[in-house]
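# Breakdown of the fold
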Amino acid sequence: MLKELWNKDWLFWNSKDAFALVWDIPENARKIDLPHDAMLETEAHPDSPNGTNTGFYDGGSYTYVKLYESKPGDRKKNIVLRFDGVYMNTFVYVNGQLAANRPYGYSQFYAPISHLLKEEGTNEIRVQVRNGAMTNSRWYSGSGIYRDVYMLTSGTTYIKENGPKALTLECNENEATLKLSATIVNAEFEAKELELLYEVIDENNKVVAKETSAIFVKGNEEYESAVRLHIDSPKLWSDEAPNLYQVKVTLLENDEKLDEDQSCFGIRKLTLDAAHGLRVNGREVKLRGACIHHDNGLLGAKTYYDSEYRRVKILKDAGFNALRISHQPAAPVLLQACDELGMYVMDETFDMWTRTKSDYDYNLFFTDWWKRDVEAMIEKDYNHPSVILYSIGNEIPEIGTNEGSHLAAEISGLCHSLDDSRFTLASINGVFAAGDAVPQITADVAGEVKDTDDSVNVNDFMTIMDKYMDKIVVHPEITKRLKKACASTDIAGYNYMTARYALDAKEEPNRIMVGSETYPPEIAVNWREVEKYPQVIGDFTWTGWDYLGEAGVGIPAYNWGEGGFGAHFPAKLAYTGDIDLTGARRPLSYYREIVFGLRKAPYIAVQNPAHYGENLIKTPWVMSDAISSWTFDGFENKPVIVEVYAKCDEVELFLNDKSVGKKEMSDNANCRVTFDTNYVPGCLKAVAYENGKVIGEYELKTAKENDIQLSLDDNTPNDSTLKYVNISLGDECGTNTDKDCKITLTVTGDAKLLALGTGDPKSQISYLGNVTKTFLGMATAIVLKGNGQASITVETEDGNKKELTVG
């Protein structure tokens, strides 16, 4: 099947009249290329009905049009459009006639169009997107055709558009047995005798196994073909060795090629049991996981392969080996990046089932569409070796009821019927699964807490009840409901229920558990539990990467309303990620790397001296307001708290070569100690000791304010279409200043500026302009380059200018 990327030359406009008499193209329609996020083009405002959910951005109704010139014979071909993601309530029309629709904004779907085309001439492909309903998402969804579109073309006898499948039946370093399959469609009346040639091709483009299968396909029939192949000395896929192969299938009739298709896959075998936990190719694996939302930060919801590859690489370099795609099916290009880089994936179906979480969310369509959307996710994921887990839902309130547990069994059963090589779970929040038992539980555990009404959302409740949560989640009422909720899945996914590990390891010894969502500051405690119990297979922090929407959840504050669940406009980011919106690592990222045992050197972060002694108001997703800097102009000789992270016997802190003190790093310290000192410009250094010997050092220096320079760094691969240019203000040693300023960026040559911005959670400067204000001395530009040379110029408000060539 010929596969053509169909992203270029679309027309776009905001739809004003859904009941228009004539479907014309208005004068204000503008030419765009996909992917596209219409929501990001609006201006966030405090009166948005979506509120903090989307970061105060509004949705809308939109129309996309692309013209297609029919060629003679097109109506006799099989021509299909593949949409990898459109948010949401999508209708695809060809010449005014409905070809397909899809309510769910995250499913890949197909629109057959050949039967609706003209014999010859211009055809209008019109995509209408209805995202104008208020509050249909708990996070920033974006709007429109935000993922890739492909045109697939074949004859009337062809390999079905989902392509060939590859399944590893058995494997080790010496040999592997594979099951390869494909669905053949004969859309003609006449039966056909055909041949299918299956080939397995390695990274050097060498055919390492092949098999020909003779098949007989009746007219107007779909035929399922499958063969078994043996491979000697296979290169297995894992997070440590992401080796990939291609499966190629060629369809022949009388030695004439009718169609061919191919797909990447990896040879790997998954096993799961309470004694060994999760094993990949026989090796026990603990999942060092990060939850991520689907948005791409400064790009909004727009999804590019290069941006996903960069994100996965940064997360892996920071110590993660697994991602939970929260709370919707992953983009194909994200899974491709995970395959190539070696990152395990938990792909998730839904955030809601039969009970709504937002007034106009997918709950409205769930009962009619869930089976088709589960099937779409598994078809998309099947050949991706990175995908090892299917989550059938996130924090589903009804999952602990009789009907809810029955529905869980249906969804899990459908997953297994389509793909029995992977494992299922539900990401369960015990408190919300407890349903009508919550008042009794809170009364038993935290009687002094005042009753809360049903308008309190998930994040608010979790914050209010944080100090009681360990007692709440082991309450007998939650235990009873978990019996039902976990009955039909392979794994029990626990959101914020680390306290259950010890209890369930004793009372439910055959229950496999995973921390499907956990508080970032608790990773040291969580990881000890993960390592202690073989049936606990990993931990997924909320979140690995900061995101748009759920605004203010992670913003620390000192006055009510500045941050956390009291946040209001202009907050637009959650500000909870180990990695900030632009891809810069935050202190918690280094803390986690140390806890995982992947970093020997200590790390230093410093709390804001402007608020020394004040009460920090924060949610459970925040450890402190510390940043990795020793530049605080105006606070000389003022008190400050220094945090040191290390995994060792003891650490010592030095300020300008004088010891501030030495502290033991006991288990109770959880790899983190604090020192009180005064801010004095110079050098702050931490030294880690093990058995009396130095095992690592780390230092922060004060920026030389009389030597601040503008620097531009493009560290993206040369073959990347997207160039991420890091902009920083610092001295000659690379130490960033604490004085932020406005910058202006200009692109010349064969390139286009896609986004410019920072990780500032409260900035209301549009990411789509060419002006921003640095945050912590940094900003990031994203440039889409063409085939020729291009350059970008950045200028500060005081006239400091720097140029960089890209291409």
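Residues numbered from 1 in each chain as written. Predicted model: local features only at pLDDT ≥ 70, side-chain atom pairs only at ≥ 80, totals over all residues. Heavy atoms only, no water.

### With respect to the packing of aromatic side chains
Note the threshold: A pair of aromatic rings is counted whenever rings of Phe, Tyr or Trp (Trp by its six-membered ring) have centres within 6.5 Å, and the orientation is called stacked for planes under 30 degrees apart, edge-to-face for over 60 and tilted otherwise. Secondary structure is summarised from DSSP: a helix means a run of H or I of at least four residues, a strand means a run of E of at least two, and numbering begins at the N terminus for each. Burial status follows relative accessibility: with a 1.4 Å probe on protein chains alone, a residue under 20% of its type maximum counts as buried, one over 50% as exposed, and anything between as partly exposed.
If you walk through the whole model with that rule in mind, you get 33 aromatic pairs. Their ring planes at 35 degrees and their centres at 4.3 Å tell us that Tyr 104 and Tyr 362 sit as a pair that is tilted. With a gap of 258 residues between them, Tyr 104 in the loop between strand 7 (97-102) and strand 8 (109-112) and Tyr 362 in the loop between strand 24 (344-348) and helix 3 (366-381) connect regions that are remote in the sequence. Of the two residues, Tyr 104 and Tyr 362, both sit in the buried class. Measuring from centroid to centroid gives 5.8 Å for Trp 542 and Tyr 547, while their planes differ by 75 degrees, and the two rings are edge-to-face. As far as burial versus exposure is concerned, Trp 542 and Tyr 547 are alike and both buried.

### A word on the sheet that holds strand 34 (residues 672-678)
The following threshold applies: Only strands joined by at least two bridges in the DSSP assignment are considered to pair. Where helices are involved, their axes are fitted lines through C-alpha atoms of the stretch in contact, as for all axes, and angles between N-to-C directions lie from 0 to 180°.
Pairing within the open sheet is antiparallel, and its 3 strands lie in the order 30-31-34. Where the open sheet ends on each side, the last strands, each with one partner, are strand 30 (603-606) and strand 34. The average angle at which neighbouring strand axes cross in this sheet is 30 degrees, direction not considered. As judged from the 7 bridges shared by strand 31 (residues 639-645) and strand 34, these two strands associate in the antiparallel manner.

### Examining the sheet that holds strand 35 (residues 683-690)
Strand order in the open sheet formed by 4 strands is 33-32-35-36, with antiparallel pairing between adjacent strands. Strand pairing shows two members of the sheet lacking a second neighbour, strand 33 (658-664) and strand 36 (693-701), which therefore form its edges. This sheet shows a mean twist of 20 degrees between the axes of neighbouring strands, independent of strand direction. In terms of strand pairing, strand 35 meets strand 36 through 8 bridges, oriented antiparallel. Note that in strand 36 the partner of Ala 686 across the bridge is Tyr 698.

### Focus: helix 6 (residues 438-445)
In plain terms, the rule: As used here, the arc is the angular range of directions from the helix axis to the C-beta atoms.
Looking at helix 6, one finds that the buried residues are Val 438, Ile 441, Thr 442 and Val 445. The buried residues of helix 6 occupy an angular sector of 95 degrees when projected down its axis, which confines them to one face. Away from the buried face of helix 6 by more than 90 degrees, exposed residues Pro 439 and Asp 444 are located.

### A few points about a nonpolar patch on the surface
Rules: Nonpolar side chains (Val, Leu, Ile, Met, Phe, Trp, Tyr) are joined into patches within 5 Å and like charges within 9 Å, using only residues with over 30% relative accessible area and no salt bridge. In short, Shrake-Rupley with a 1.4 Å probe defines the accessible areas, and a residue's cover is counted only from the protein chains shown. One side-chain nitrogen of Lys or Arg within 4 Å of one carboxyl oxygen of Asp or Glu is enough to make a salt bridge.
A contiguous nonpolar surface patch, about 300 Å² in accessible area, is contributed by Met 134, Tyr 360 and Leu 364. Take Leu 364: it is sitting in the loop between strand 24 and helix 3.

### Looking at the packing of helix 11 (residues 523-532) against helix 12 (residues 587-595)
Convention followed: Roughly parallel means an angle under 35 degrees; roughly antiparallel, over 145; roughly perpendicular, 65 to 115; everything else is oblique. Helix crossings get a hand from a simple test, with the near helix turned counterclockwise from the far one by less than a right angle marking a left-handed crossing and a clockwise turn marking a right-handed one. The criterion used for residue contact is that any of the two residues' heavy atoms lie within 4.5 Å. Each residue is assigned to one of three groups, with Ala, Val, Leu, Ile, Met, Phe, Trp, Tyr, Cys and Pro labelled nonpolar, Asp, Glu, Lys and Arg labelled charged, and all others, Gly among them, labelled polar.
Packing of helix 11 against helix 12 leaves a shortest axis separation of 10 Å and a crossing angle of 25 degrees. Considered as vectors, helix 11 and helix 12 are oriented roughly parallel to each other. Our pair here, helix 11 against helix 12, has a crossing hand that is right-handed. Counted together, Ile 523, Ala 524 and Trp 527 of helix 11 and Tyr 591, Arg 592 and Val 595 of helix 12 form the full contact between these two elements. Among the residues making up the contact of helix 11 with helix 12, the classes are represented as 5 nonpolar, no polar and 1 charged.

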